[in-house]
Every structure is written in structure tokens, then in C-alpha cells.
Amino acid sequence: DDFHTVFTGRGATPSNTIQQDMPATIEDVWHALFSSRSGFWRTVNAAAGYSEHCESEWTPSADGCCSQREMSFTAPVAGMKAMFGSAGNTGVQQKHTCRFVSPHRMLLNATSATPDMPYGDSFLVMSRWEIVELGADGE
């Protein structure tokens, strides 16, 4: 089986949508990228220069629609020296929710907050991953 990924930002346009086709099942993708045991995001964060990575186990959401977890890490902030006179890091707090729409389709929503940055309590960065096996669910 193949899966098809679409990473879409708010107000999706071709300029902020990334599409990648790869040979795998939804279960393969889950275990490789999203399972708490995979270590994938710890590796990605370390490669990006992030530290203090921490992620919770997946648990059912309060409304029972999906699974959720929290992740946090410290990230270097480009441009901090120019803005504030010294280089810096910021804490990033993420909340992930994952819903299996069908055996062949998965949605992952992530929100990222940087509350210790100037105006960081005024906005969130939101992303959605839609992962669909090619040839499944009419795709």
C-alpha cells in the first residue's frame, strides 16, 4: 500500500501545501512518526538544535473523538540578538490531536505556543497533517 500526505496551513493554497507519496500503510506511518515509542520527533528536534524534548503518552480526548498528547522543547530563536541584544531560546509547547477517520485516513492537528516570547501569548501556530493511503477511501 502507498500513503499520500498533505500538510496544509490555514487557508490552504498551493503555496502552503506539501504533498508526498510514499509506500506505507497508515499503521506504518503511525508507528514510524507518531507513536510515543518511535523517537522520531526527539531525533528531528535534536537535529534542529532543539533541547529539553518531552512528550506525553497518547490518551483519549475528553470528548472521545480522538487521541491527544502534549510535547514541549526548547528552541533557539533566530534574530533574537538583533531584536533584544542577545541570542536566546524559547520554550515551545505543543498539543497534538490525532483521529483515525477510517482505517486508511488519519488526521493530526498540532498547535504550537511560545508563551515566553514577546507577544507569544497572542497567537498559536496551527498545522494539520492529513495522511491517506493511496487507492483507499476513493483517493
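Here, every reference points to the structure presented above.
Residues numbered from 1 in each chain as written. Predicted model: local features only at pLDDT ≥ 70, side-chain atom pairs only at ≥ 80, totals over all residues. Heavy atoms only, no water.

(A) Structural context of unusual backbone geometry. The phi torsion at E52 lies on the positive side, around 55°, for a residue other than glycine. As for its placement among the helices and strands, E52 is situated in strand β3 (residues 51-55). According to the relative accessible area criterion, E52 is exposed, its value standing at 63%. (Helix = DSSP H or I, 4+ residues; strand = E, 2+ residues; numbered from the N terminus. Buried < 20%, exposed > 50% of the residue type's maximum accessible area, 1.4 Å probe, protein only.)

(B) Spatial organisation of the packing of aromatic side chains. All chains considered together, the criterion is met by seven aromatic pairs. Aromatic pair F40 and W41: ring centres 4.9 Å apart, planes at 85°, arrangement edge-to-face. The class for F40 is partly exposed, based on a relative accessible area of 29%. Given the relative accessible area of 17%, W41 is considered buried. Taken together, a centroid distance of 4.9 Å and an interplanar angle of 5° make the contact between Y50 and F73 stacked. In this pair, Y50 sits in the loop between α2 (40-47) and β3 while F73 sits in strand β5 (residues 67-77), placing the two residues 23 residues apart along the sequence. Of the residues examined, Y50 reaches a relative accessible area of 30% and is grouped as partly exposed. Exposure remark for F73: the relative accessible area of 7% places this residue in the buried category. (Phe/Tyr/Trp six-rings, centres within 6.5 Å; stacked < 30°, edge-to-face > 60°.)

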